[in-house]
Amino acid sequence: MEILILPDADAVAARAAGIVQDMVSHRPDAVLGLATGSTPVAMYRRLVERHRAGGLSFAGITTFNLDEYLGLPEGSPLGYRRFMREHLFDHIDIDPANTHLPECAPGADPRTVGPAYEDAIRSAGGIDLQVLGIGANGHIGFNEPGSSLGSRTRIKTLAQRTVDDNSRLLGEGETQPGLAITMGIATITAARRILLLATGEHKARAVALAFEGPLTAMHPASALQMHPRVRVILDEPAASELAQQRYYHWVEEQNESIAARHGGSADEDPWFHPSVDERDD
Ligand code: PGA
């Protein structure tokens, strides 16, 4: 795990947007796993700005979002496709047909959505870079505490903590759905690269447990400890409960000095080595 602690949320967004841009430049047909929530909004804004400034095209990109609520009325403002359109898709040159969310069509059996989503991810060649936030209870996607570490995309009942946390975003007359369809933990950790972002003191405990605590289904983000290519980008408040903060800063200094000596472009970054992108089929 690489844990990078930056001064503030703005710096987190800028660094994260740079990593997504490097991924897209390195592989213009990359498959990106995307997240909703407050944390990635500033990163999406920067990606839109970079697209508008020229030089960043999403024309060949395919996306799979982590999750979607189940049972929302059609056109609900809470829907995550709407969120993604508002913050990213409508402002870049991505083909809407290549943007996927685990949505359940009206009248369809929601139990069929997960296996079909897994098939779609597989057919697209797997996820090259998965962007994640983290819930205050340690969830990733909507994999609540107790989710199997081997889980795949499926229906998940939301924890009360998640319902309460997300209720802050509700408009008048809206109620928070209690069910969602989410990529599983094994779906997420099958991604070739993972970028987890967290900002704000309210995430500090969840971050410390995820990266310095035991590997446990009771704190789903701790499953990332098993993944070989995870980058965690935090602002100082979100990092404030990590015991090894000084070490992470020291490691970053060493990485910078290696990059200064041997080349610091994305092409020279082992994270983007072509072997990481090899497809199974
Ligand atoms: P947030 O949500 O970005 O809105 O804090 C993160 C999450 O619940 O995964």
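Our structure is the block above this text.
Report on the accompanying structure.

Conventions we followed
Residues numbered from 1 in each chain as written. Predicted model: local features only at pLDDT ≥ 70, side-chain atom pairs only at ≥ 80, totals over all residues. Heavy atoms only, no water. Axes fitted to C-alpha atoms, helices over the stretch in contact; angles between N-to-C directions. Helix = DSSP H or I, 4+ residues; strand = E, 2+ residues; numbered from the N terminus. Parallel < 35°, antiparallel > 145°, perpendicular 65-115°, else oblique. Left-handed = near helix turned anticlockwise from the far one by under 90°. Contact = heavy atoms within 4.5 Å. Nonpolar A, V, L, I, M, F, W, Y, C, P; charged D, E, K, R; others polar. Pairing = 2+ DSSP bridges. Phe/Tyr/Trp six-rings, centres within 6.5 Å; stacked < 30°, edge-to-face > 60°. Buried < 20%, exposed > 50% of the residue type's maximum accessible area, 1.4 Å probe, protein only. Core = buried A, V, L, I, M, F, W, Y, C linked by side-chain atoms within 4.5 Å.

**Things to note about the packing of helix 1 (residues 9–26) against helix 2 (residues 41–52)**
Okay, so step 1: Taken N-terminus to C-terminus, the directions of helix 1 and helix 2 make an angle of 55 degrees; their axes are 8 Å apart at the nearest point. Between helix 1 and helix 2, the angle is such that the two are oblique. Here helix 1 runs over helix 2; the crossing is right-handed. Between helix 1 and helix 2, the contacting residues are Asp-10, Ala-13, Ala-14, Ala-16, Ala-17, Gly-18, Val-20 and Gln-21 on the first element and Ala-42, Met-43, Arg-46, Leu-47 and Arg-50 on the second.
Okay, so step 2: Classifying every residue of the contact of helix 1 with helix 2 gives 8 nonpolar, 2 polar and 3 charged.

**Brief notes about the sheet that holds strand 1 (residues 2–6)**
For sheets, the rule is that strands pair by backbone hydrogen bonds, running either parallel or antiparallel.
Okay, so step 1: As summarised here, the arrangement of the 7 strands in space is 1-10-9-6-2-3-5, forming an open sheet in which the pairing is parallel. One side of each edge strand has no neighbouring strand; the edge strands of this open sheet are strand 1 and strand 5 (99–100).
Okay, so step 2: Pairing between strand 1 and strand 10 (residues 230–235): 5 bridges, direction parallel. Bridging from a neighbouring strand, Ile-5 pairs with Leu-234 of strand 10.
Okay, so step 3: Here helix 1 sits on the sheet and contacts strand 1, strand 2 (31–34), strand 6 (129–132), strand 9 (194–198) and strand 10; the angle it forms with strand 10, its principal contact strand, is near 155 degrees.

**Notes on the sheet that holds strand 7 (residues 154–157)**
Okay, so step 1: With respect to topology, 3 strands assemble into an open sheet ordered 4-8-7, the strand pairing being antiparallel. Of all the strands in the sheet, just strand 4 (67–69) and strand 7 have a single pairing partner and so form its edges. Averaged over neighbouring strand pairs, the angle between their axes works out to 30 degrees when direction is ignored.
Okay, so step 2: Relative to strand 8 (residues 179–182), strand 7 runs antiparallel, the two sharing 4 bridges. From the neighbouring strand, Ile-155 faces strand 8, where its bridge partner is Ile-181.

**Comments concerning the packing of aromatic side chains**
Okay, so step 1: In this structure the tally under the stated criterion is 6 aromatic pairs.
Okay, so step 2: Seen in terms of ring centroids, Tyr-80 and Phe-142 are 6.3 Å apart; in terms of plane orientation they differ by 20 degrees. Their pairing is stacked. Taken together, the residues Tyr-80 in helix 3 (residues 80–87) and Phe-142 in the loop between strand 6 and strand 7 connect sequence positions 62 residues apart. Grouping residues by exposure puts Tyr-80 and Phe-142 together as buried.

**Remarks on the nonpolar core**
Okay, so step 1: Core analysis: the biggest nonpolar cluster contains 41 residues, and Val-20, Leu-32, Met-43, Leu-47 and Leu-88 have the highest contact counts within it.
Okay, so step 2: At the level of secondary structure, the elements contributing two or more residues to this core comprise strand 1, helix 1, strand 2, helix 2, helix 3, strand 6 and strand 9.
Okay, so step 3: The biggest single contributor to this core is helix 1, with 7 residues.
Okay, so step 4: Counting 32 residues, the second-largest nonpolar core is a separate cluster that includes Leu-132, Ala-206, Ala-208 and Ala-239.

These figures capture arrangement, not role.
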